[in-house]
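Observations on chain architecture
The lines below spell out each chain.
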Amino acid sequence: MSNSRTPETIRAQEYAAKATASKIKVAVMAPNTKGMMQGTIVDSSCTITSPKSRIANEGGAAQMVVFTEGEQPSHQLAYTANQDEIFTCENVLYSNWSVAIKTIRPAQAAREVHQSAVKILKHPALEDTVTASFGQFISEIKPQHLSPVVLQRSKRMVLDSIGVGLIGSTTDVFDLALQHCQHMYAPDFISSVYGRSNVRLSPTLAAFVNGVATHSMDFDDTWHPATHPSGAVLPAVLALSDMMPASRKPSGLDFLLAFNVGIEIQGRLMRFSNEAHNIPKRFHPPTVVGPMGSAAACARLLSLDSSQCSHALAIAASLAGAPMANAATQSKPLHIGNASRLGLEAALLASRGLEASPLVLDVVAGVAGFSAFYEDYRPQPLVSPHDGHAFLLEEQDMGFKRFPAHLGMHWVADAAASVHKLLVGVGPGKVSPDQVQDILLRVPLSKYINRPFPESEHEARHSFQFNACSALLDGEVTVQSFTPGAISRPELHALLSRVRLEHPHDNPANFNLMYGEVQVTLVGGDILKGRCETFYGHWRNPLTNESLRKKFRNNAEVVLPSAKVEQLIEAVDVLDRLDDCQDLLSQLQ
């Protein structure tokens, strides 16, 4: 069956990838003395096997044509080649054959044709690419692929994320983001907003402001490799569920499936790089993998096909990335808000037919895709859910914070709290700065969380010194520790002035390997030490359900009545058994 194509620009690698190594032939074309293309066939070992028919030449450079075994071009090719190995086909007839042409400059033709043929032969088919495997996974995953462990752990994540979002709706950053959306965009009463019973926004704006709320106090969950997975996904899934008509609301199990897909995609992408395992220096991880997770979750909830899911990821990749320079500022919560919002937008655009690179997750020489974010990017295809795929959440639990600060602060806070107990006993009491001559913190080397004298709540949440001294002074770090009055206490600043930092070689900037050690030298010369290897709330030492619910109640009751808080706890607990997630959505305001 033949068909004609209008003029189009075709990249060599994309067409070569459509043929499998076992079924393609390579024809090497070069201009002869009459200006015609003389062709020869080479096999996989680059041995010339037979002459080939002439093809009209209008470019003057050597060409390599790849086509499926048993098929031949049914018409001459007229082309114009450029230096980027892109050519334009005009009035070309095809006969069910996969074709790729690689331009070879005339001076290079003789010595490079064999190497180029091998390169084309080894290029994978598009359906075998990393990007395609992710699209297929998102499209094909079903609720039955979620194990009881994954369901239980993900419901805990949903509960915690809603709680930190609700208390986050009381912050100045959230208010600024909400006011901006209300003043700059037309009213669109669709999706609910945390802590605002009479406010609804468009789905993308609701995903944005609720994402900002979730990270506004740095109270949201953290995983390894380091990122904040729930805040980038849950607001988008909630907003999209609100958008769907009452007759088509997703079931609770479908809701959890979409959420877990978003978490899984983030985890898999971060495991493509050793760099991603460490506390970041360049890009804030939720801005890199967060939009991808949000896009994947929304694509799953929209039931997009595998190609659309791949395009959703590729579109999200064009919307990803924010620098670490904005950590410890009011702009950091925007990172999570944008991740949630832009991932949702990517999925919606893909659902309308917008396309992007089919190789965005693959390594393509000379063209950076997702690899632009990591210097040691090594992608692997995602195993099909039908071939025994195991979710990462099954293997590694989530880290939940007991107080609203950067995760690294929890090690030094627990170590300092143990020294506090040595000084004042188990009962209430405070440490006097007059007792303390020197405070030594042994912590990982990480510049953006080394802040000797923080001046704002956001800086305080990212300061080893502040959190260690707060715990040493009060015996714990709490939500109230970051109020202006607590930050400005003279006794706290007296302790801060006595702090020194050491960065032992055995204490890497890695949430799975680091520790926190606090050594306090008293005025009399006595030395007290506290050390934390794994804080309570870490994935190796997870919060109990009782502790997690206590945290949720403390957070949610700041903006919701107790009765509604208990209803929310119940709705999340039975979410996988709800025929309609509306029961959850209705409790959020």
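Above: the structure in question.
Remember, it's a predicted structure, so these values are computed and weren't measured experimentally.

So, about the overall build of the protein chain. Secondary structure summary: the protein chain contains 21 helices and 16 strands in total. For the protein chain, the proportion of contacts with a sequence separation of at least 24, taken over those separated by at least 6, is 74%. Working note: accessible area of the protein chain is about 24,200 Å², and carbon and sulfur atoms make up 50% of it.

To continue, consider the pairing of strand 12 (residues 196–201). Inspection of the sheet shows strand 11 (residues 191–193) paired to strand 12 by 3 bridges, in the antiparallel sense. Its bridge partner being in strand 12, Ser191 is matched across the sheet by Leu201.

Here the focus is the nonpolar core. If you look at the biggest cluster of nonpolar residues, it comprises 101 residues, and the most contacted ones within it are Ile162, Ile265, Leu361 and Phe370. It is helix 8 (residues 252–270) that contributes the most residues to this core, 10 residues altogether. Sequence-distant contacts of Phe370, that is, excluding residues within four places in its chain, are made with Leu269, Val288, Val289, Met292, Ala317, Val360, Leu361 and Tyr377. Counting 46 residues, the second largest nonpolar core, distinct from the first, contains Ala416, Phe466, Leu473 and Leu522.

A word on the packing of helix 6 (residues 203–215) against helix 7 (residues 229–243). For the pair helix 6 and helix 7, the least separation of the axes is 8 Å and the interaxial angle reads 145°. Read as a crossing pair, helix 6 and helix 7 show a hand that is right-handed. Across from Pro203, Ala206, Ala207, Asn210, Gly211 and Thr214 in helix 6, the residues of helix 7 making contact are Gly231, Pro235, Ala236, Ala239 and Met243. Broken down by class, the residue content of the contact of helix 6 with helix 7 amounts to 7 nonpolar, 4 polar and no charged.

Before going further, it helps to spend a moment on the sheet that holds strand 13 (residues 436–442). The strand order 14-13-15-16 describes an open sheet built from 4 strands, whose pairing is mixed. Two strands close off the open sheet at either side, each with one partner strand: strand 14 (499–502) and strand 16 (527–532). Ignoring strand direction, the axes of neighbouring strands in this sheet form an average angle of 15°. The pairing of strand 13 with strand 15 (residues 516–522) spans 6 bridges and is antiparallel.

Another point: unusual backbone geometry. Looking along the chain, the bond that leaves His224 and enters Pro225 is cis, with omega of -5°. Tracing the chain through its elements places Pro225 in the loop between helix 6 and helix 7. Even without being a glycine, Asp218 presents a positive backbone phi close to 55°. Its location among the elements puts Asp218 in the loop between helix 6 and helix 7.

Tallying each qualifying case throughout the model produces 10 aromatic pairs. Seen in terms of ring centroids, Phe370 and Tyr374 are 6.1 Å apart; in terms of plane orientation they differ by 55°. Their pairing is tilted. Judged by its relative accessible area of 9%, Tyr374 is buried. Taking 6.1 Å as the distance between ring centres and 10° as the angle between the ring planes, the aromatic pair formed by Trp411 and Phe511 counts as stacked. Note that Trp411 is positioned in helix 14 (residues 409–424) and Phe511 in the loop between strand 14 and strand 15, a separation of 100 residues in sequence. Since its relative accessible area comes to 0%, Trp411 is described here as buried. Assessed through its relative accessible area of 4%, Phe511 is described here as buried. Ring-pair connections join several aromatic residues into one group, and the members of that group are Phe134, Phe272, Phe283, Phe370, Phe373, Tyr374 and Tyr377. The side chain of Arg200 reaches across the aromatic face of Phe189, ending 5.8 Å from its centre. Arg531 extends its terminal NZ or CZ atom over the ring of Tyr515, reaching a point 3.7 Å from the ring centre.

With that out of the way, let us pick up the side chain of Arg156. Positionally, Arg156 belongs in helix 4 (residues 148–168). Buried charge Arg156 goes without a salt bridge, the closest partner of opposite sign being Asp397 at 4.7 Å. Here Asn545 takes part through its side chain, which lies 2.6 Å from a polar atom of the side chain of Arg156. Excluding residues that lie within four positions of it along the chain, Arg156 makes contacts with Phe400, Pro542, Leu543, Thr544, Asn545 and Leu548.

Note on Pro225: relative accessible area 3%, which makes it buried. Placed 42 residues apart in sequence, Pro225 and Gly267 show a C-alpha to C-alpha distance of 7.3 Å. If we ignore the near neighbours within four places in the chain, the residues touching Pro225 are Met270, Arg271, Ala276 and His277.

Taking 1.5 Å per residue, 13 residues should reach 18 Å; helix 6 reaches 19 Å between its end C-alpha atoms and fits that length. Of all 13 residues that make up helix 6, 13 are buried, and the element is covered over most of its length.

Our focus in this paragraph is the pattern of salt bridges. Opposite charge on two side chains permits pairing when their charged atoms draw close. Counted under the stated rule, the structure contains 20 salt bridges. Residue Asp576 pairs with Lys155 through a salt bridge whose shortest N-O separation is 3.0 Å. Highlighted residues: Asp576 in the loop between helix 20 (562–573) and helix 21 (582–585) and Lys155 in helix 4, separated in sequence by 421 residues. Among the salt bridges present, the one from Arg461 reaches Glu457, with a minimum N-O distance of 2.5 Å. Looking at Arg461, the relative accessible area reads 3%, which means it is buried. Salt bridges here are not isolated pairs; linked through shared partners, they connect Arg442, Glu502, Glu517, Arg531 and Glu533.

Turning next to the side chain of Asp242. Its location among the elements puts Asp242 in helix 7. Not counting chain neighbours up to four residues away, the residues in contact with Asp242 comprise Ile190, Ser191, Ser192, Arg200, Lys249 and Leu585.

Given 3.6 residues to a turn, an α-helix orients residues that are three or four positions apart in the same direction. With 13 residues, helix 5 (residues 172–184) ought to run about 18 Å at 1.5 Å a step, and its terminal C-alpha atoms sit 18 Å apart, in line with that. Looking at helix 5, one finds that the buried residues are Val173, Phe174, Ala177, Leu178 and Cys181. Buried residues of helix 5, viewed axially, fall in a sector of 130°; they line one side. Exposed side of helix 5, more than 90 degrees from the buried face: Asp172, His183 and Met184 are the residues found there. Buried-residue contacts for helix 5 involve helix 4, strand 11, strand 12, helix 6, helix 12 (332–351) and helix 15 (457–460).

Tracing the backbone shows Ile167 in helix 4. Residues Ile167 and Ser216 lie 49 residues apart in sequence; the distance between their C-alpha atoms is 9.1 Å. Ignoring any residue separated from it by four or fewer positions in sequence, one finds Ile167 in contact with Met217, Phe219, Val479, Asn555 and Val558.

What counts as what
Residues numbered from 1 in each chain as written. Predicted model: local features only at pLDDT ≥ 70, side-chain atom pairs only at ≥ 80, totals over all residues. Heavy atoms only, no water. Helix = DSSP H or I, 4+ residues; strand = E, 2+ residues; numbered from the N terminus. Contact = heavy atoms within 4.5 Å. Areas by Shrake-Rupley, 256 points an atom, 1.4 Å probe, with all protein chains shown as cover. Pairing = 2+ DSSP bridges. Core = buried A, V, L, I, M, F, W, Y, C linked by side-chain atoms within 4.5 Å. Buried < 20%, exposed > 50% of the residue type's maximum accessible area, 1.4 Å probe, protein only. Axes fitted to C-alpha atoms, helices over the stretch in contact; angles between N-to-C directions. Left-handed = near helix turned anticlockwise from the far one by under 90°. Nonpolar A, V, L, I, M, F, W, Y, C, P; charged D, E, K, R; others polar. Phe/Tyr/Trp six-rings, centres within 6.5 Å; stacked < 30°, edge-to-face > 60°. Lys NZ or Arg CZ within 6 Å of the ring centre and 35° of its normal. Lys, Arg positive; Asp, Glu negative; His and termini not counted. Salt bridge = Lys/Arg side-chain N within 4 Å of Asp/Glu carboxyl O. Polar contact = N/O pair within 3.5 Å; in protein donor to acceptor, adjacent residues only side chain to side chain. Expected span 1.5 Å × (residues − 1). Arc of directions from axis to C-beta.

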